[in-house]
Amino acid sequence: MNVQRRVETNRSLAPLLITIAAFVWGLSTSSAQEVDDDTTSKVGMRSDGSVQTPQNYILRPYGTLIDLPNLRPQAVVVSPDGKFAVLSGRTAELLVLDLESNTIKERVAFPNEDQSLSGRSDPIEKVLQPDKDSQISFGGLAISADGRWIYLSSVSGSIKVFENTGGQMHASHTIPLPAADAPRRTAEIPAGLAVDPSGRFLYVCGNLSNQLLEVDVTTGDVTRRWPVGVAPYGVVLSGEQAFVTNWGGRRPGPDDLTGPAGRGTVVKVDPIRFIASEGSVSVIDLAGDAPTRDIIVALHPSQIVLSPDQRWLVCANAASDTLSVIDANGLEVEATIWMKAKPADLFGAAPNALTFDPEGKFLYVANGSQNAVGVVQFDSNEPEDSKLIGLIPVGWYPGAIDITSSGDRLVVANLKGLPATPRRQRDGTEGFNSHHHQGSISTFAIPNGEELAMLSQIADRCLRKNRLQEAALPPRPNVSPRPIPERIGEPSLLKHVVYIIRENRTYDQVLGDLPRGRGRADLCIFGREITPNTHKLAESFVLLDNTYCAGILSADGHQWSTAAISTDYLEKSFSEFTRSYPDGMDVDEADALAYSPAGFLWDNAILHGKTLRNYGEFMIPKFRWRDPNREGRPGFVDGWKSWKGESDEVIIESEPAIESIRPYSPTATIGWEMSVPDQFRADFFLTELKEFEEKGHYPELVLVCLPNDHTSGTSPNCPTPRACIADNDLALGRIIEGLTHSKFWPEMAIFVIEDDPQAGWDHISGFRTVALCVSPYAVRETTVSTQYNTTSIIRTIEQILGLPPMNQFDASALPMFDCFTDQPNMEPYQHVPASISLTEMNPNPSAILDLQLREDAIVSSQLNFREIDRAPEDVLNRILWRAQRGTSEPYPQWAITHREIDDDD
């Protein structure tokens, strides 16, 4: 049995076919087992053709995998005749997959404003003006019953329409939707779509307006609309009824406890963790005036399907790891099907899309977080007897699925992926950028029972089932304390953990100049001169040269850094983050729908009676003039003077983005705010440390947000990039010096990592980052090349504090045993003073002679550095490179391109 991998490039529709022998996922072969057990392998393609993700799991996809560079395919639908499938993602194209050859045979550009509608055989009555948006929404894609018309949701507030004539796909027109009556923006966010049997009406989930819209496709008019729940996602028609899944459940009433759901919208939340607490299905009477009915299901109900016999509706509850089976006539939940082996298993299957086989005997479910399709044997007579019977490994985070009408082949859209090889340019240099990730399509014939049993074993191994079992082992009695206990609940020599989260750097950018680690000095722009403390800490304690961020940007990076998981809501929000950008640092972006139902690290600590202090993480900045009538915003100089005590004109404060952390978070300091130097944060931290010493006790878990290594580019009136980095480095050194000189140092571990590697490049992986481990029990002057990531740090924190894992990711993470020794070295750390001025300011553009650097300064002045990650990544990367290297040394093109650069380019 062979696995085939096809790489679909942007240059040609002709794919490169790579045949990988059966041992790639053959369970019995020792070579595959050895590769899986190798704890020092790098993220990316491995020696046997499998792929190591930066989140513990391994990818050994079954069937044919078609790589889609620079595309996260969020929707896929098979044509009624089973000859092709259509899909789309983060490009302005509809892709057509030929299911006979398993190749992308067409890429059809979205309709544009200049496209004529006169070619239609049944021209609509009025011109439907298309928009220019190039992103799709949360999986809205539908085909008419005759296979002629294809409808695609666009987050710009419109429906893209394509026509299939004679086997050729053509862009037809755009149907604009009415503006949404919502506080956060005016354009609607269309999500799920359904076409009525006549083909005349299209039913559209208005994800922002909380409505179902009926659109007459012959005129483009919205003919009817119905109120539904919060953030409607999926819709299916059954007779004269429409069933709509609502990510956030019913609309909140006046007495309900609510939390933010993105830029002014709200959702019901629980009173302890303040996370979205309900999901629902709205039942709409299409034939009469009966009021909309709500059926309560589990969390994040996503796609919903109707069984072939029309008796059952089944929705995938992505944030509860279940399926809800609803009686289509009785309108009640009749059964719950677990999409993990046992209900007691930790959260982490994330079923978000599903399809029935034509006979209704099996359900195939996209288990996003498990990189697998779950196979459910469905009992139509007794649905409560339905059960998960196996897993089929596919690509990274399956988010859409469909089956051919014959029922013999599945097509699965995988949202994420990693390039098989580094990108190469003319001079022979190569590497990865943090956004060299891609999606893929998995397609395969339905496996038989024997094959499914084998595939299930492979899926278990890819999900690190052995580690999950080890994480669940009970503590043993009379075990001697160790720095990192072997089992959770066993005694530790450590009592205090300080967890410092920084912003947006890769390993090569900062530590590439260290000869001892696997670095590339030619890619290092913030080396020893600028980051002396980072270098000294890595050299004096542990140099981690094989550690990775689990997230890719701040929206998911801060979730991974504090919850050890990214939810389905977040993974599907990469279609432009139109509902919110839930990084936890912006008042308008806080979003309870984005948060893991298993909670955050602080929820885990609070639940188990641990003391806690949080400095800036998930805290919304309130940096403002003391005089409320003063116009404009204070800048870096004002923040600097306030820190130095030279001015009292500004107020530096913050407030929680989520209520659960309020009692543990001082509001007189601040998290994300580039105009406040990290020295202010360090001073505040050290002042409280001294107070804790006077009291004689210190929290068991301390979180610190230290963000200024993000930089503000070369914006005038802001510090230079190297000054920002040096400020961050000095603050880090001072904080660690203070901790190591405190009375709490003998029982302390300090972990440092970037929340994401977004603004950088690296020759090993775009996810590889700068991480530090500091403790009296940390090994000294040692390079540790064990593969770790964000979840490894969280798991190690849990191991020390005796906290159980929150979900399958921190449970499957490798604790950082290799970084610790049982023999302490109490020598404290002495910070290294900055060698450059922290107030080195970017010059005014008019004073810059180099035309390119002048242009960079002008562009920087127009970028939004007030809000996290609002500066375009590639633009900022180039600015930082030239700011440090000048304009004579070319920017590495592989750091931005998604296809290999030929010598003749």
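Residues numbered from 1 in each chain as written. Predicted model: local features only at pLDDT ≥ 70, side-chain atom pairs only at ≥ 80, totals over all residues. Heavy atoms only, no water.

Caption draft 1: Spatial organisation of the overall build of the protein chain. Secondary structure summary: the protein chain contains 15 helices and 49 strands in total. Here the protein chain holds 905 residues, and 64% of them are scored as buried. If you take every contact in the protein chain between residues at least 6 apart in sequence, the share linking residues at least 24 apart comes to 66%. On the protein chain, roughly 30800 Å² of surface is accessible, and the fraction owed to carbon and sulfur atoms is 48%. (Helix = DSSP H or I, 4+ residues; strand = E, 2+ residues; numbered from the N terminus. Buried < 20%, exposed > 50% of the residue type's maximum accessible area, 1.4 Å probe, protein only. Contact = heavy atoms within 4.5 Å. Areas by Shrake-Rupley, 256 points an atom, 1.4 Å probe, with all protein chains shown as cover.)

Caption draft 2: How the structure looks around the sheet that holds strand β18 (residues 222–227). The strand order across the open sheet formed by four strands is β15-β16-β17-β18, and the pairing between neighbours is antiparallel. The outermost strands of the open sheet, each flanked by one partner alone, are β15 (190–195) and β18. Strand-to-strand, the axes of this sheet are offset by a mean angle of 20°, without reference to chain direction. Examined bridge by bridge, strand β17 (residues 211–216) and β18 share five bridges and lie antiparallel to one another. Bridging from a neighbouring strand, Q211 pairs with P227 of β18. (Pairing = 2+ DSSP bridges. Axes fitted to C-alpha atoms, helices over the stretch in contact; angles between N-to-C directions.)

Caption draft 3: Here's a closer look at the packing of aromatic side chains. The final tally for this structure, using the stated rule, is 27 aromatic pairs. Arranged with centres 5.9 Å apart and planes meeting at 40°, the rings of F636 and W640 form a pair that is tilted. One end of the pair is F636 and the other is W640, both in helix α9 (residues 636–644) and four residues apart, which spans about a single turn. Each member of the pair F636 and W640 is classed as buried. A network of ring pairs unites the aromatic residues Y595, F600, W602 and F618 as a single cluster. Over the ring of F574 we find R72; its NZ or CZ atom is 4.0 Å from the centre of that ring. (Phe/Tyr/Trp six-rings, centres within 6.5 Å; stacked < 30°, edge-to-face > 60°. Lys NZ or Arg CZ within 6 Å of the ring centre and 35° of its normal.)

Caption draft 4: Fine view of the pairing of strand β31 (residues 372–377). Most of β31 is tucked away: five of the six residues are buried. Here six bridges tie strand β30 (residues 362–367) to β31, and the two strands are oriented antiparallel to one another. Opposite A366, over in β31, you have V373 as the bridge partner. Between β30 and β31, which pair antiparallel in sequence order, lie four residues; one of them, N371, sits at a positive phi of approximately 55°. The pairing of β31 with strand β32 (residues 387–393) spans six bridges and is classified as antiparallel. Note on β32: the bridge partner recorded for V375 is G390.

Caption draft 5: Expanded view of the pairing of strand β41 (residues 612–615). Residue alternation in β41 divides its side chains into two sets, L612 and N614 and R613 and Y615, and both sets are buried. Where β41 meets strand β44 (residues 701–705), four bridges bridge the pair, whose relative direction is parallel. By the bridge assignment for β44, L612 is matched with L701.

Caption draft 6: Here's a closer look at the environment of Y777. Assignment of secondary structure puts Y777 in the loop between β47 (771–774) and β48 (782–784). C-alpha of Y777 to C-alpha of D822: the two residues are 45 residues apart in sequence and 6.3 Å apart in space. Non-local contacts of Y777, meaning those with residues more than four positions away in its chain, are made with P483, L493, L494, P746, C819, F820, T821, D822, Q823 and P824.

Caption draft 7: Quick look at the side chain of H496. Within the element layout of this structure, H496 appears in strand β38 (residues 496–502). Beyond its immediate chain neighbours, meaning those up to four positions away, H496 contacts Y698, P699, E700, F744, E747, M748 and A749.

Caption draft 8: Broad picture of the nonpolar core. Counting 149 residues, the largest nonpolar core has Y499, Y698, I750 and F751 as the members making the most contacts within it. By residue number, the principal contributor to this core is helix α11 (residues 721–740), which donates eight residues. With near-sequence residues (within four places) excluded, F751 lies in contact with V497, V498, Y499, I500, L772, C773, I793, T796, I797, I800, M816 and F820. Y364, A366, V373 and I401 belong to the second largest nonpolar core, which has 18 residues in total. (Core = buried A, V, L, I, M, F, W, Y, C linked by side-chain atoms within 4.5 Å.)

Caption draft 9: Here's a closer look at the packing of helix α6 (residues 554–563) against helix α12 (residues 790–801). Following both chains from N to C, one finds α6 and α12 inclined at 25°, their axes separated by 8 Å at the closest point. Classified by the angle their axes make, α6 and α12 are roughly parallel. Between α6 and α12, the residues in contact are W560, S561, T562 and A563 and T790, T791 and I794, respectively. For the contact of α6 with α12, the residue count by class is three nonpolar, four polar and no charged. (Parallel < 35°, antiparallel > 145°, perpendicular 65-115°, else oblique. Nonpolar A, V, L, I, M, F, W, Y, C, P; charged D, E, K, R; others polar.)

Caption draft 10: Molecular detail of the pattern of salt bridges. Per the stated rule, a full pass over the model turns up 38 salt bridges. For D256, the salt bridge goes to K268, with nearest N and O atoms at 3.8 Å. A residue pair is termed long-range when its members are at least 10 positions apart, and D256 in the loop between β20 (241–246) and β21 (258–260) and K268 in strand β22 (residues 266–268) qualify at twelve residues. Judged by relative accessible area, D256 falls into the partly exposed class, the value being 33%. Its relative accessible area of 10% is what places K268 among the buried residues. Among the salt bridges present, the one from R662 reaches E659, with a minimum N-O distance of 2.8 Å. Overall, the relative accessible area of 38% leaves R662 in the partly exposed class. (Salt bridge = Lys/Arg side-chain N within 4 Å of Asp/Glu carboxyl O.)

Caption draft 11: Molecular detail of unusual backbone geometry. Phi angles above zero are rare outside glycine, and A231 is one such case at about 55°. Positionally, A231 belongs in the loop between β18 and β19 (232–238). Its identity is not glycine, yet F618 carries a phi of approximately 55°, on the positive side. For F618, the location among the structural elements is in the loop between β41 and β42 (619–625). Overall, the relative accessible area of 0% leaves F618 in the buried class.

Caption draft 12: Inspection of a negative patch on the surface at higher detail. Taken together, the side chains of E334, E382, E384 and D385 define an acidic patch exposed on the protein surface. Summarising the element assignment, E382 is placed in the loop between β31 and β32. (Patch = residues over 30% accessible without salt bridge, like charges linked within 9 Å, V, L, I, M, F, W, Y side chains within 5 Å. Lys, Arg positive; Asp, Glu negative; His and termini not counted. Charge placed at Lys NZ, Arg CZ, Asp CG, Glu CD.)

Caption draft 13: How the structure looks around the packing of helix α5 (residues 532–540) against α11. Remark: α5 packs on α11, axes separated minimally by 7 Å, with the N-to-C direction vectors making an angle of 45°. Taken as axis vectors, α5 and α11 run oblique relative to one another. Residues P532, N533, T534 and L537 of α5 form the contact with α11, whose own contacting residues are D729, L730, L732, G733 and I736. Broken down by class, the residue content of the contact of α5 with α11 amounts to five nonpolar, three polar and one charged.

Caption draft 14: Seen up close, α12. The terminal C-alpha atoms of α12, which comprises twelve residues, lie 17 Å apart, in line with the 16 Å expected from a rise of 1.5 Å per residue. Of all twelve residues in α12, twelve are buried, a share of seventy percent or more. Those residues of α12 that sit buried are T790, T791, S792, I793, I794, R795, T796, I797, E798, Q799, I800 and L801. (Expected span 1.5 Å × (residues − 1).)

Caption draft 15: Representation of the sheet that holds strand β8 (residues 84–88) within the structure. What the four strands build is an open sheet, ordered β7-β8-β9-β10; its pairing is antiparallel. Strands at the two margins of the open sheet, each flanked by one partner only, are β7 (75–78) and β10 (103–109). Going from strand to strand, the sheet's axes swing by 20° on average, the running direction of each strand aside.

Caption draft 16: Just the environment of D727, in detail. Structurally, D727 can be placed in helix α11. On the basis of relative accessibility, which here comes to 3%, the residue D727 falls in the buried class. D727 sits 18 residues away from D709 along the chain, and the two C-alpha atoms are 7.8 Å apart. Excluding its chain neighbours within four sequence positions, the residues that come into contact with D727 are P677, D678, Q679, N708 and L838.

Caption draft 17: Representation of helix α2 (residues 449–462). Here α2 spans 20 Å end to end across 14 residues, near enough to the 20 Å set by a 1.5 Å rise per residue. Taken together, the buried positions of α2 are occupied by L452, L455, S456, I458, A459, R461 and C462. At the N-terminal boundary of α2, the capping side chain belongs to N448, with an oxygen 3.2 Å from the backbone nitrogen of E450. Of the residues one or two after α2, R464 is the one with positive phi, at around 60°. (Polar contact = N/O pair within 3.5 Å; in protein donor to acceptor, adjacent residues only side chain to side chain.)

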